[in-house]
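A look at the structure
The chain contents come next:
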Amino acid sequence: MSMASSLCRATASAAASVAASPGSLPATRTAAAIAASSTSKHHRLLPFFNSARPIPQFKSHSTPSFLLCPALFSLNLRRQSPSGFTSAAADASVTPNAEEEEEELVKEAVAEILQESGVSEEEAKGIVAKSSKYVKMLRDGVRELDELSLWSSWSWMKEKELHGGPGGVEDTEELSLKTKVKLMAMEKGDNGKIPYLQSIGLSSASASHLARILPSETLPTLIRRVKYVKEIFFSGSDDQKFIGKRARQMMLHLSIPVDEDLQQTLSFFEKMEARRGGLDMLASEDASFGVLIESFPSFLSLCVEATMKSVADFLEEIGVPRQHLGNILMLYPAILLLDIEKDIKPGIEAFHKVDIFGQNIGRMVYKYPWILSSSIQENFVEVVSSLESNKVPKVSIFRAIKSLPLLLGCSKGKFRPMMMQMHKFGVKGGKLGKVIANSPQLLLRKPQEFLKVVAFVQNLGFDEISVGQILLRCPEIFCASIDNTLQRKVDFLTVIGISKHQLPRVVKKFPELLVLDVDTSVPARLNYLMSIGFSRKDIRTMVSRFSPLLGYSIEEVLKPKLEFMVNTMERPLSDVVDYPRYFSYSLEKRIKPRFFVLKSRNINCSLKDMLGKNDEEFATEYLGIERMFIPPC
């Protein structure tokens with residue numbers, strides 16, 4: 001007689017006897033009726049059957065005996081189990097202390113299983129503490145078999161293996177709770193891998209799947225690999241808080257078909273984004289490691305020395321600083337799956353041939369790890385070709401890519417709208433090259449955002465030609481936020497006394513004013529000028545006459561030139577108020593040589609006359625010769 005038939009008959013008989021006993025299911029509720037309704041209700045009656053707790057597999061039958069016998073569902077699930085393990089349905093008779101004692105016994109059993117698999121007692125306790133779902137699965141599984149009285153038909157198959165005896169248990173009540181838990185765990189056949197994988201952040205389903213594809217790996221080997229992966233991904237980073245932001249930028253500016261490795265990385269990002277905290281938690285080991293392994297399960301099957309370590313070492317060899325290695329791997333984990341000789345080196349050699357990065361390929365990999373992707377490398381040719389077709393010099397293209405490698409993730413159609421907008425303002429060919437070399441982010445700007453800045457600049461008093469000139473001089477303005485940057489700078493100029501009538505002249509002479517730091521740098525310069533004796537009116541006059549004054553460094557320009565003018569030239573501060581352009585001339589190459597020449601001849605003149613003339617004009621005016629010779633210092 002088959003095991004399934006025996007179980008079915010035994011269970012039917014048990015069901016009938018239970019039904020006849022006091023407190024059992026109503027007699028009119030027959031086994032057949034219950035079986036007929038089991039399709040919709042079996043998940044409530046038998047939680048052990050759900051996907052999180054796979055049904056025990058009987059080696060001699062392809063279909064579990066639980067499902068071969070409908071009469072099984074007529075059992076009264078409120079009965080007390082032989083082991084004293086109480087059903088959750090009978091919660092009225094169970095004390096919290098009993099539940100806690102049972103849970104502790106289950107945990108102790110799991111810890112013993114882990115120790116038998118090769119981990120220390122301390123490690124085992126740590127794993128158990130972080131694998132509560134596994135513990136609950138085993139506890140619920142034991143309860144189900146207790147409630148269904150099936151240990152006598154199930155446990156004999158594992159008893160011999162567990163104790164080395166002849167097998168078979170006459171009275172299943174002799175089995176302790178720990179023994180039952182171990183039998184249940186033995187049926188899983190994962191040798192402690194599932195609780196360990198759950199403890200590092202994997203879901204129950206993922207842990208079970210990964211344990212199945214790593215059948216030959218011992219638990220200590222698995223732990224060693226996990227520790228190594230954690231070490232290279234999460235140790236030594238100095239800018240972890242920016243990883244999430246960088247990941248979003250890389251995803252936002254990717255508009256080309258991608259290879260399998262890059263698609264796998266994008267799927268990982270999407271899984272992280274769907275979790276609490278999103279990509280901002282990318283650098284958090286606790287939050288992201290489980291998702292990382294779920295996305296790249298092969299990491300735990302790779303040979304540490306031959307694969308992962310060799311790729312990490314190679315990245316260091318090409319110039320990637322060790323402290324940045326984790327960031328690069330987190331932004332492009334699939335690097336560890338690439339073959340150095342077949343996948344990585346050819347791409348790097350292609351960049352070396354055009355000499356785009358020089359010896360800084362490591363820095364570029366840090367800035368944009370996806371540069372090692374075959375899809376990005378192929379698109380490099382398309383990007384260069386697209387910009388060259390618009391007569392942009394190759395040197396400007398390379399400079400733009402080095403400054404903003406995100407461009408390599410964009411299709412050539414991505415750039416066209418912004419290039420057309422800049423063409424309207426006379427920025428073409430070489431001029432366009434100059435603009436994108438200085439501000440490549442303009443190519444990624446949305447045309448409507450660009451036109452809003454154009455309208456803002458025009459409202460300051462500039463026509464279309466002047467807008468083009470400002471775009472060429474300071475393209476950063478057209479990448480800036482109107483509310484957070486540009487309007488604040490205009491308000492600042494108004495506060496220091498620049499009138500609306502003066503504003504166009506001030507901005508035209510020094511458009512960089514609109515992107516200067518008016519929170520710290522500029523106020524510090526104004527405070528310095530006032531501290532040495534300039535009034536607010538003096539400063540307003542100087543700025544209106546020579547607005548670049550607000551961009552000069554105190555230590556490198558303002559202080560040394562003012563000290564020389566006051567202490568050596570013995571001139572009053574009012575002289576520089578009249579001619580603030582004085583600050584634009586080199587102290588060593590122009591101011592000092594001309595001053596000492598005039599002093600040697602007892603010639604007094606204004607700062608403008610002394611510095612505003614070119615060498616020939618100065619020599620003719622003050623020395624009576626056509627060309628002045630100044631001996632080297």
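Figured I'd write up the structure that's included with this text.

With that settled, consider the overall build of the protein. Counting its secondary structure elements, the protein contains 34 helices and 0 strands. Residues classed as buried in the protein amount to 48% of the 633 residues present. Per element, the accessible surface of the protein, about 31,000 Å² overall, is 51% carbon and sulfur.

What follows deals with the side chain of S439. Looking at where S439 falls in the secondary structure, it is placed in the loop between α23 (429-438) and α24 (447-459). Taking the relative accessible area as the measure of exposure, S439 reaches 0% and is therefore buried. Ignoring sequence-local partners within four residues, the contact set of S439 consists of P475, E476 and C479.

Let's shift gears to the side chain of R525. With respect to the helices, strands and loops of the structure, R525 is situated in helix α28 (residues 521-531). Within the buried set, R525 has no salt-bridge partner at all; the shortest N-O distance to an opposite charge, 7.9 Å, is to D517. Leave out the neighbours within four places in its chain, and R525 touches L550, G551, Y552, I554 and L558.

We now examine the nonpolar core. Core analysis: the largest hydrophobic core is formed by 187 residues, its most contacted members being M422, F478 and Y582. The greatest single-element share of this core, amounting to 9 residues, is contributed by helix α12 (residues 219-234).

Attention now moves to the pattern of salt bridges. Enumeration over the complete set of coordinates arrives at 28 salt bridges. Overlapping salt bridges bring together E108, E112, E116, K178 and K182 as one network.

A few words on the environment of K414. Its location among the elements puts K414 in helix α22 (residues 412-424). Placed 160 residues apart in sequence, K414 and L254 show a C-alpha to C-alpha distance of 9.9 Å. For K414, the contacting residues outside a window of four places in its chain are S255, L443 and L444.

Turning our attention to the packing of helix α6 (residues 132-147) against helix α9 (residues 177-188). Between α6 and α9, whose axes approach to 9 Å, the crossing angle comes to 110 degrees. Between α6 and α9, the angle falls in the class roughly perpendicular. The segment α6 lies against α9, with Y134, M137, L138, G141, V142, L145 and D146 engaging L177, K180, V181, M184, A185 and K188.

The next point concerns the packing of aromatic side chains. In total, this model carries 19 aromatic pairs according to the counting rule given. The interplanar angle of 75 degrees and the centroid separation of 6.2 Å between the aromatic rings of F268 and F296 together place this pair among those described as edge-to-face. Of the two residues, F268 sits in helix α14 (residues 260-273) while F296 sits in the loop between α15 (285-295) and α16 (304-317), which places them 28 residues apart along the sequence. Residue F296 is classed as buried on the basis of its relative accessible area of 0%. By way of ring pairs, the aromatic residues F233, F234, F268, F269, F289, F296, F299, Y368 and W370 are connected into one cluster. Above the plane of the ring of F618 lies R594, whose end atom (NZ or CZ) is 4.6 Å from the centre.

Conventions used here
- All residue numbers refer to positions counted from 1 along the written sequence of the respective chain.
- Thresholds applied to this predicted model are a pLDDT of at least 70 for local features of residues and 80 or more for the giving and counting of side-chain atom pairs; totals over whole chains, interfaces and linings are not thresholded and use all residues.
- Side-chain measures here rest on the full set of heavy atoms in the structure, leaving out hydrogens and waters.
- Numbering of helices and strands starts at the N terminus; helices are DSSP runs of H or I of at least 4 residues and strands are runs of E of at least 2.
- Buried means the residue's accessible area, taken with a 1.4 Å probe over protein chains only, is under 20% of the maximum for its type, while exposed means over 50%, and partly exposed covers the values in between.
- Values of accessible area rely on a 1.4 Å probe in the Shrake-Rupley scheme; residue burial ignores everything except the protein chains shown.
- Contacts: residue pairs with any heavy atoms within 4.5 Å of one another.
- Residues scored as charged are limited to Lys and Arg (positive) and Asp and Glu (negative), so that His and the chain ends carry no count.
- What counts as a salt bridge is simple: a side-chain nitrogen of Lys or Arg found within 4 Å of a carboxyl oxygen of Asp or Glu.
- Residue types Ala, Val, Leu, Ile, Met, Phe, Trp, Tyr and Cys, when buried and joined through side-chain atoms within 4.5 Å, form a set referred to as a nonpolar core.
- Inter-axis angles, ranging from 0 to 180 degrees, are taken between N-to-C directions of lines fitted to C-alpha atoms, where helices are fitted over the stretch in contact.
- Throughout this description, any angle smaller than 35 degrees is read as roughly parallel, any larger than 145 degrees as roughly antiparallel, any in the 65 to 115 degree range as roughly perpendicular, and the remainder as oblique.
- Each aromatic pair joins two rings of Phe, Tyr and Trp (for Trp, the six-membered one) with centres within 6.5 Å, and gets the label stacked for planes under 30 degrees apart, edge-to-face for over 60, and tilted for any other angle.
- Definition used: whenever NZ (Lys) or CZ (Arg) falls within 6 Å of the ring centre and also within 35 degrees of the ring normal, the charge is taken to sit over that ring.

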